[in-house]
Number of protein chains: 2
Amino acid sequence: MQNTVRVAVDAMGGDNAPLEIVKGAVEAVNESTNIFVYLVGKKPDIDAELGKYTFDTTRIEVVHAEEVITNNEAPVLAIRRKKESSIVVALNLIKSGKADAFVSAGSTGAVLVGAQLIAGRIKGVERPPLAPLIPTVNGVSLLIDCGANVDARASHLVQFAKMGSIYMENVVGIKNPRVAIVNIGAEEEKGNALVKETFPLLKSCTDINFIGSIEAREIPSGAADVIVCEAFVGNVILKLYEGLSSALVKKIKAGLTSTPISTIGAALVKPALKKTLKDFDLTGYGGAPMLGLNGLVVKTHGSSHSIEIKNSILQCITFKKANIKEKIEQNLQVVE
Amino acid sequence: MQNTVRVAVDAMGGDNAPLEIVKGAVEAVNESTNIFVYLVGKKPDIDAELGKYTFDTTRIEVVHAEEVITNNEAPVLAIRRKKESSIVVALNLIKSGKADAFVSAGSTGAVLVGAQLIAGRIKGVERPPLAPLIPTVNGVSLLIDCGANVDARASHLVQFAKMGSIYMENVVGIKNPRVAIVNIGAEEEKGNALVKETFPLLKSCTDINFIGSIEAREIPSGAADVIVCEAFVGNVILKLYEGLSSALVKKIKAGLTSTPISTIGAALVKPALKKTLKDFDLTGYGGAPMLGLNGLVVKTHGSSHSIEIKNSILQCITFKKANIKEKIEQNLQVVE
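Residues numbered from 1 in each chain as written. Chains lettered and ligands numbered in written order. Predicted model: local features only at pLDDT ≥ 70, side-chain atom pairs only at ≥ 80, totals over all residues. Heavy atoms only, no water.

Peer 1: Would you mind going over the environment of K278 of chain B in detail, with residue names and values included?
Peer 2: Residue and element names in this part refer to chain B. Of note, K278 is situated in helix 9 (residues 260-279). Residue K278 is classed as exposed on the basis of its relative accessible area of 57%. A sequence separation of 228 residues divides K278 from L50, and the C-alpha atoms of the two residues are 29 Å apart. (Helix = DSSP H or I, 4+ residues; strand = E, 2+ residues; numbered from the N terminus. Buried < 20%, exposed > 50% of the residue type's maximum accessible area, 1.4 Å probe, protein only.)

Peer 1: Requested: an account of the relation of the copies chain A and chain B, with residues and values cited.
Peer 2: If you rotate chain A by 180° and push it 0.0 Å along the axis, it lands on chain B with an RMSD of 0.0 Å. These values place the two chain copies in the arrangement generated by a two-fold rotation axis. Across chain A, the smallest distance between a C-alpha and the rotation axis is recorded for G265 of chain A, namely 1.9 Å. Both copies present the same face, since 100% of the interface residues in chain A are matched by interface residues at the equivalent positions in chain B. (Least-squares fit on C-alpha atoms with pLDDT ≥ 70 in both. Contact = heavy atoms within 4.5 Å.)

Peer 1: Kindly report on the pairing of strand 1 (residues 5-10) of chain A, identifying the contributing residues and their values.
Peer 2: All names here are of chain A. Summarising burial for strand 1: five of the six residues are buried, a large majority. Looking at chain direction, strand 1 and strand 2 (residues 35-41) are connected through six bridges and run parallel. Across the sheet, the residue bridging to V5 is I35, located in strand 2. Chirality of the crossover, the property in question, places the unit of strand 1, helix 1 (residues 19-31) and strand 2 among those that are right-handed. Looking at chain direction, strand 1 and strand 4 (residues 101-104) are connected through three bridges and run parallel. Of the residues in strand 4, the one forming a bridge with V9 is V103. (Pairing = 2+ DSSP bridges. Right-handed = clockwise from strand over helix to strand, strands pointing away.)

Peer 1: Give a description of the interface of chain A and chain B that names residues and reports values.
Peer 2: Frequently, the measure chosen for interface size is the accessible area removed from exposure when the parts meet. Residue-level contacts link 48 residues of chain A with 49 residues of chain B. Surface buried jointly by chain A and chain B totals about 4,700 Å² across both partners, of which 78% is contributed by carbon and sulfur atoms. Taken together, the links from chain A to chain B amount to four salt bridges. Residues E242 of chain B and R217 of chain A are paired through a salt bridge, measuring 2.9 Å at the closest nitrogen-oxygen approach. Summed over the shared surface of chain A and chain B, the result is six residue pairs in polar contact (both at pLDDT 80 or more). Where the side of chain A that touches chain B is concerned, the elements lending two or more residues are strand 7 (178-183), helix 7 (193-203), helix 8 (231-256) and helix 9 (260-279) of chain A. Broken down by element, the side of chain A that touches chain B gets its largest block of residues, 18 residues, from helix 8 of chain A. Of the residues belonging to the side of chain A that touches chain B, the class tally is 29 nonpolar, 12 polar and seven charged. (Buried area = accessible area lost by both parts, 1.4 Å probe. Salt bridge = Lys/Arg side-chain N within 4 Å of Asp/Glu carboxyl O. Polar contact = N/O pair within 3.5 Å; in protein donor to acceptor, adjacent residues only side chain to side chain. Nonpolar A, V, L, I, M, F, W, Y, C, P; charged D, E, K, R; others polar.)

Peer 1: Break down the packing of aromatic side chains for me, citing the residues and quoting the values.
Peer 2: Residues and elements named next belong to chain A. In this structure the tally under the stated criterion is six aromatic pairs over all chains. Both rings, one in F199 and one in F210, keep their centres 5.2 Å apart while their planes meet at 75°; by these two values the pair is edge-to-face. Here F199 is found in helix 7, whereas its partner F210 is found in strand 8 (residues 209-215), with 11 residues between them in sequence. (Phe/Tyr/Trp six-rings, centres within 6.5 Å; stacked < 30°, edge-to-face > 60°.)

Peer 1: Go over the packing of helix 6 (residues 154-172) of chain B against helix 10 (residues 306-321) of chain B, please, and point to the residues and values.
Peer 2: All names here are of chain B. Contact geometry of helix 6 with helix 10 gives a least axis separation of 9 Å together with a crossing angle of 105°. The angle between helix 6 and helix 10 places the two elements in the roughly perpendicular class. Contacts between helix 6 and helix 10 involve Y167, N170 and V171 from the former and Q315, T318 and F319 from the latter. (Axes fitted to C-alpha atoms, helices over the stretch in contact; angles between N-to-C directions. Parallel < 35°, antiparallel > 145°, perpendicular 65-115°, else oblique.)

Peer 1: Account for the pattern of salt bridges, with residues named and values stated.
Peer 2: Enumeration over the complete set of coordinates arrives at 30 salt bridges over all chains. For D100 of chain A, the salt bridge is made with R6 of chain A, and the minimal N-O distance between the two is 2.9 Å. One end of the pair, D100 of chain A, is in the loop between helix 4 (86-95) and strand 4; the other, R6 of chain A, is in strand 1, and 94 residues separate them in sequence. Taking relative accessible area as the criterion, R6 of chain A reaches 27% and is therefore assigned partly exposed. If you follow the salt bridges from partner to partner, you end up with E215 and R217 of chain A together with K239 and E242 of chain B in one network.

Peer 1: Go over the side chain of T4 of chain B, please, and point to the residues and values.
Peer 2: Along the chain, T4 of chain B turns up in the segment before strand 1 (5-10). If we skip the residues at most four places from it in the chain, T4 of chain B touches N34, I35, F36, D100 and K320 of chain B.

Peer 1: Describe unusual backbone geometry, naming the residues involved and giving the relevant values.
Peer 2: For the bond from A17 of chain A to P18 of chain A, the omega torsion is -5°, close enough to zero to count as cis. Mapped onto the elements of the fold, P18 of chain A is located in the loop between strand 1 and helix 1. The phi angle at N323 of chain A is positive, at roughly 55°, despite the residue not being glycine. Among the secondary structure elements, N323 of chain A is positioned in the loop between helix 10 (306-321) and helix 11 (324-335). Note on N323 of chain A: relative accessible area 39%, which makes it partly exposed. If you check the backbone angles, D151 of chain B has positive phi at about 55° while not being a glycine. Using a relative accessible area of 39% as the deciding quantity, one classes D151 of chain B as partly exposed.

Printed below as a string of structure tokens:
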């Protein structure tokens, strides 16, 4: 049990809860013997789902939580009031040291707020960023920050760059990751007040591979591994990625069947095209880690199916093995 | 000549100048008898290109300008120093009343700075926004502002909403256009400081059809006609549109020929697909107007070919006919 990673999973969060969440948890423990899962939520519902599967019953424990926080609730209020919600109960498992990580497909705002209030920040971390991996032509890049706290300061962005760099190097396995800041031009004098203030600070960091500004146009081509931005901008990038990909796929599907000849061709290209488009589907990329917390918190897409839940849970193994928390702690303290 | 719209065209601006610019100007005067074009730039080069075509020579006049401002020059300095550049000479034609409009595929920064300094703002306009049309699943939306002036104030955004609304209604022909502000959630309490300050101001405007916040995810589906945002965010949206569309198209092309069977299918779907993808190609949409100036300024894509130059020139007819300048003047003065 020494190498076991204990993951608290929000069984009630997301569009497909508890069905797909429970399924994903079972798949994770069946795939890796290093995983122990706490399934947190309404026990009768979870037990009913668990009854469908065969798995090592010593590695899944159901922890009852009576309440559920919905996407429509104001996060801070919900976390304070719903002490018996699956999110709060699960985060308390991290706080008490029973769990190493927390995975949720529930309300992003509530997960972010709860994680800070309950699990707490690593010493030295000013603001914990949410950092999803986004698909590019060559692979993936880390978009940091897409969280709920907008109007960041320059010092926050510098920490995002450091934490993102550690994550990409140690969890995703990209040696000496290229760090860039989102800007509206390549020149150093371009940008808004925040970018202009942050740019020289990043340039003077000796512990990251800062390559300068990145225009949004270059993001999908994989021009940087760690893409640093303030959360409002990060959110716009992430959401536009989703919206534009799905609009284009819709257009393409309509185009493929717009003439009798193209309809025949469409049947022939469909399997190959499906694979290609899946590479650019954001929902396929497990969860987004929230960095800088005592304990890993992974926020997966609200529409997650069992595969994403499973991947998010398994991701916690690498995270723990690589000692990300300790690395962040050391790295930020050296500089502070 | 009473209905003639006189357009000064920057013959030296863009990747394909002067060849495609001159060609586009000729196509415009050949298509509409209401157009008169000043081709501004190096006379010998322009004359050489003009020699290739047949057109009504009374409706194209070459105005010599010795200098060219490149994309690498700092805009303010370039405008101040290069008095004989095609951009400055062309804008002076507006200032002196000889031209009604200016079309350029050259340096965005120089065009924006020059337009404000030389053509000047309409009385009451605090900041002239650059407002390109972006493709959506249903048609087009106006993205306002994508200009060079970042860190806007709430009052600027309110003016963008009003000017954008007038443009969409009168030039693009969308009755009672839906105006939305880019935000990171649909609820009124969400957003950064700027959005939170602007939201109630937009809500209280009786002369626009404000529908609230728009998440970036909904932009490509055409959820609003006028999309209001600060220039840094607008630039990110515009550039990501370009980058993501081209990355996806690249991926799709590779996917189409990834197996022997799909390669056969690819040949059959190609014509239909080409048309579909063209609908989502930003470069196909003429130019982006810069609103709030004395005289219409249209900035077209740097990679513009004759078709975009022609469309940008022809766009000036509608703009003048619809009295956009007068409408903006009246509308903003009522509120100030």
